Structure formats: C-alpha cells, structure tokens
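# Observations on the model geometry
Here is how the chains run, residue by residue.
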Amino acid sequence: MPPTLEQLVRAPALDLVVLAGERHLEREIRWVHTSELADPTPYLEGGELVLTTGMKLGRSAAERRAYIERLADADVVGLGIGVGLTHAKVPAAVVEAAEERGLPVFAVPRPTPFIAISKMVSSAIAADQYEAVTTGFAAQQELTRAVLGREGSAALIRRLAVRLDGWAALYDQSGTPVHVSPAPARAQAAALAADVTRLRGMSAPASASLQGAGPHGERVVLQSLGADRRIRGFLAVGTHRAANPADRQIIGSATSLLTLALEQSRALGAAEGRMRTALLRLWFGAPWAVPAADASASAPDASGSGTSAAEAPAGAPEAADEPARSWPPGPAWSTSAGSADTLVRAVARDMGSPLPDGPLLVAVAHGPEAARTSFAERVAGAAKEVFAAEFDDATVLVAPASLLADDAAVLDRAARAGAGGLAVGVSGAADPGAGAEAFRQARQAYGVGSRAGRVLTVYGHAGASLLPLLGDPTVRGWAEELLAPLATHDAGARGDLVASVRAWLARHGQWDAAAGDLGVHRHTLRYRIRRAEEILGRRLDDPDVRAELWLALRLTERDGG
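Residues numbered from 1 in each chain as written. Predicted model: local features only at pLDDT ≥ 70, side-chain atom pairs only at ≥ 80, totals over all residues. Heavy atoms only, no water.

### Section: the environment of Ser 35
The condition that has to hold: Going along the chain from the N terminus, every DSSP run of H or I of four or more residues is numbered as a helix, and every run of E of two or more is numbered as a strand. Note on exposure labels: buried denotes an accessible area under 20% of the residue type's maximum, exposed denotes more than 50%, and partly exposed covers the range between, all computed with a 1.4 Å probe on protein chains only. Residues are treated as being in contact if the distance between any of their heavy atoms lies within 4.5 Å.
When you line up the elements, Ser 35 lands in the loop between β2 (31-34) and β3 (48-52). Owing to a relative accessible area of 6%, Ser 35 belongs among the buried residues under this scheme. With 19 residues separating them along the chain, Ser 35 and Gly 54 place their C-alpha atoms 9.1 Å apart. In contact with Ser 35, other than residues within four places in its own chain, are Pro 40, Leu 51 and Thr 52.

### What about the packing of aromatic side chains?
The condition is simple: Put simply, two rings from Phe, Tyr or Trp (the six-membered ring, in Trp's case) pair if the centres are within 6.5 Å, and we call them stacked under 30 degrees between planes, edge-to-face over 60, tilted for the rest. Any Lys NZ or Arg CZ that is within 6 Å of a ring centre and within 35 degrees of that ring's normal is treated as a charge sitting over the ring.
Under the defined criterion, the tally for this structure stands at five aromatic pairs. For the pair Trp 504 and Trp 511, a centre-to-centre distance of 5.4 Å together with 40° between the ring planes defines the contact as tilted. These aromatic residues form a ring-pair network of at least three members: Trp 283, Phe 284, Phe 391 and Phe 439. A cation over a ring is seen here: Arg 276 above Phe 387, with NZ or CZ 4.8 Å from the ring centre.

### Observations regarding the nonpolar core
Note the threshold: To form a nonpolar core, buried Ala, Val, Leu, Ile, Met, Phe, Trp, Tyr and Cys residues must be joined to one another through side-chain atoms within 4.5 Å.
By size, the foremost hydrophobic cluster in this structure holds 23 residues, and its most contacted members are Leu 361, Phe 375, Val 379, Leu 411, Val 424 and Val 426. Among the secondary structure elements, those contributing two or more residues to this core are β11 (360-366), α10 (369-382), β13 (394-400), α11 (405-417), β14 (423-426) and β15 (456-458). Not counting the four nearest positions on each side in its chain, Leu 411 is found in contact with Leu 361, Phe 375, Val 379, Leu 403, Val 426 and Leu 456.

### Some words on the pattern of salt bridges
Spelled out, the test is: We define a salt bridge as a side-chain nitrogen of Lys or Arg found within 4 Å of a carboxyl oxygen belonging to Asp or Glu.
Within this structure, the stated rule accounts for 24 salt bridges. Of the charged contacts, one joins Glu 96 and Arg 65 as a salt bridge, the two residues approaching to 3.5 Å between their closest N and O atoms. You can see Glu 96 sitting in helix α3 (residues 92-101) and its partner Arg 65 sitting in helix α2 (residues 61-73), a full 31 residues away along the chain. Put simply, Glu 6, Arg 10 and Glu 22 are held in one network by salt bridges that share partners.

### Looking at unusual backbone geometry
Looking along the chain, the bond that leaves Ser 181 and enters Pro 182 is cis, with omega of -5°. Locating Pro 182 in the fold gives a position in the loop between β7 (177-181) and α6 (186-190). Unusually for a residue other than glycine, Asp 75 sits at a positive phi of about 65°. Within the element layout of this structure, Asp 75 appears in the loop between α2 and β4 (78-82). Taking relative accessible area as the criterion, Asp 75 reaches 55% and is therefore assigned exposed. Positive phi values are uncommon outside glycine, yet Asp 165 reaches one of about 55°. Following the sequence through the fold, Asp 165 ends up in the loop between α5 (153-164) and β6 (167-171). Since its relative accessible area comes to 62%, Asp 165 is described here as exposed.

In structure tokens, the structure reads:
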C-alpha cells in the first residue's frame, strides 16, 4: 500500500517532530510537493504532503490560519515546515489552526533536507507500485490456472474471494447467481438483484461501485461481462476495505478471464448445438429446412389428441405446404439406416447426451425461446437419456417412452410450467431405430394440437376433434352459405328452422326426443324439417346431406352463429 504519514514521521533518519494532527497520521501520501507560495492549492490535486520553509505563511495569526485553511480545504494530507531558516520554530497560530482542522503538521529540522523526504516517499510509492504489479501478475497466473481447470469459473470465483479477503459472485446473463464464494455470501449476492438489473440495461462493459451502510460498510464492485457490447454475465466482489491498486488489477484480470470464458463457452455451445441438430437430421433423415408443422402428412391412425385443452398460443405456425426435401443431398450419401443409427448413437454418447436405448418418443416444441428452453430443461430433469436439438424455430427432444405414462403427465407439467405461448407435439412410443417415424408423428401431433389450442398433443390419443382443423375462412364461408337460406327464413320470424334441424340431427332423427328438446309437438317438428328440405332443395334422409349440415352447424356454432 502507499506510504503513510505514520511511516514517514517514524523514520529515524529524518528526525521529524509531529506538532499537530497526530491522530490522523494514517493518511496515505500520494506525492510530495515543495512550495513557497502563499497559496499553493491551484497546483495540487489532493493527497499531497506539502513542504515549505514558511516564507509565505504570513505575518499575522489570521494570515497563518488562512494558509492552513486553504491546505485543509485542498485535501492536503500533511504539512512539513522547515525550521532554522525563516522560522526558528513553527508558529503557534499554525499549530493551533492545524489541530483544529485535523491537519498533521511536523517540523523538519535544518539538517534534514526536503529532498530526503521526497526520496523516501518516492521510493515507497515505487515499491508499492511494483508490489501491485507483481501481486497482480501472480494473481493473474493463479486465476488463469483456476479458470482453465476442471471446475472453470467456479474455481476462479473461489480464488478471487480468497485473494481479496472478501466474497465474489458470478451471475448469468439473466442476473441469477451461478457461483458464489464463500457459500454464506449468497445472501449478499442475491441482495444485488436490483443493481444487476440496472447494469443489464447498459452496454458492456459497464461497472458500478456500491458502498454499504455506515463509514466502514461493505464495499461492492459490480462489473458486467461480455464482448462486442453484449452482456453475457456479471461479476460482483465485496470487501470490507477500500480496493488498492493491486485489488483493482486482480478484479480487472478476473473480469477479462471470465469474459473470455463466457464468450468461449458461448461459441462452444453454439458449435455443440449445430452438431446436435446435424445428428438428429441424419438420424431422422430430415431435410435441412424443417417445416414448422405438416398437419397434412399421411397418418391414418393419428387422431392427434391432446392431454390438455389450453388456449392456442398466439401465432401458432401453419402447416408447411412445400414437400420435404430429401436428406442427405445426393447419391454420395449412401449410409444405411442401421449404420446411420449406430453412428448417431455413438457421437451422441460421446457428447454426454446418449439417445434412449429402449422405446423412445420424439417431442417437437414451438413457441418463444424461453418457453422451449424451460420445457427442455424440465424434461431433461425428469428422465435420463434426453437428447435435445434446435430445428429452425423449434426444439426437438428425443426421450424415453416411459414419459408417456399417466397420459404423458410429466410432459404436460413440463410444457405448462414455463413461459406461455408453447405448443408441443409428441409422438407415440417408438422402437429405438424408428426415430424418423416418431419425428413424423410428433410434427403431425403438433400441427393438429396447435390448431386445437392445446399446449401438449400426443399422437394417437383418442378424443381429437376435426373442427379445429377447419379454421380456414373458406371453410367457414362454405358453412355460412349452406345455412344462409334457413337463416334468412328464420330472420323473417317464420319459424326456427336452424334450431330445429340442429336438434333433429343431434337426436339422430328421433322425432319425439328432438321435439322434446325444442318444446314443440313432433308434428310441428316434422313440418319444420320438411320445410327445411324444401328451402335447401335437399333431402335430410341422405347421410351425406346430414353430415354436411351437421358440420356447417358446428362450425357456425363455434363462431357464435
């Protein structure tokens, strides 16, 4: 640390005598300035030790007090007055004024040259700077070894806390503490949530210094981490002492190393993500541009039912009309399905995310990135052998088929637990080598479920409805046109034909039951049905006519018609 007045006045070779401000000798000296001006303050920055022979102290007590006031106001750390030249001893007015202002004043005997004081302070400052450099370099090496080790950033945070004799915390991009050392400091790290949020609104790099309550409160340095003005995380360091140059250099080194680690981790994560996507495309035999959904794909046994009936996510993607392009592209790729499966499984295992060895399922999740990430993380936490990859604007998961148990309750909870706007299609149980078919089923289930307004839809479950798939305006227009003659008749108050046809069809043509529902006599109902046939020009004993009318009634009913 920089030299203090205490160290200076206690040096035997200088023979300095403290006359005032002895309680403030702990002050650090930034520099030594010799001046014989009546007002040297325009040439000072604060933190200096001023030396003078007293030529311009003034003759009156008031002038001498004013001199001390000017130095104290300029944040001078101390005043050394040479005696035996201008003054035989330090004037009493100077000592009294200095004591009142808490400004240390000492007498410099004539045998002690000012240059000796300057040299001692200069040497101490140089030694402190050298120590800061060497300490910072040693700390940088130590932190570098830590971040390159097996534990990475966690080890660096631990070593940083020890080095600064305080605590340190690493936050992720959202401001959530990831590593905190020592562990009891988690409360302090969590308490900075609002400060982290403010810092997140600035471009990287950005920093903030926070002072705790009280004169000796905890000092915290908060620093954003990231390159190219993009924030990847945050570093917080808390100590009970002011940071010295070595501390600031250590914090700077930690900031650089953590930024590099986060950027490198991001790059590696992006590369791994591309590898995961390529593996699943190879395994599925999928095109490189995967359609968002293909509800028109052939699947005679798929009802696309959902385990739940939440409202449809806003902006659910429509089924792709373009035919899927084959992959791999070209005759050079002649890998058999068996060898491709073996290759994909081997690479996935080496990546630490093996594909299920037993029956499996495929899930395709569309929606906001945060919702898809939350879904994938919750599924991975509920089962082993979960492989996830990004397909354009969808997240695709391969997981054990055991997650289909209890009407896919685990998957349903995972889909509903995160942010809204998620729509997930899930395949039925598939053999380990049938990933391509499971992928097709999942995409079809998504296409059906997204139109039905479901958060989760499982392929092959009973209970699906055709109506949500007929949301095209053209289909609705056909239904309204078919029923328009009956609606026009009813608008003229000449009978409720639409309601009568609906009740009769709902009761499968049973006159008494339908009449009872309407509260009319069966003969009245027979008349209304004959009248509807006349107006429509179609016979209602034709099953095709009945089916069309019932579908039109249901479609207009969904619109409040």
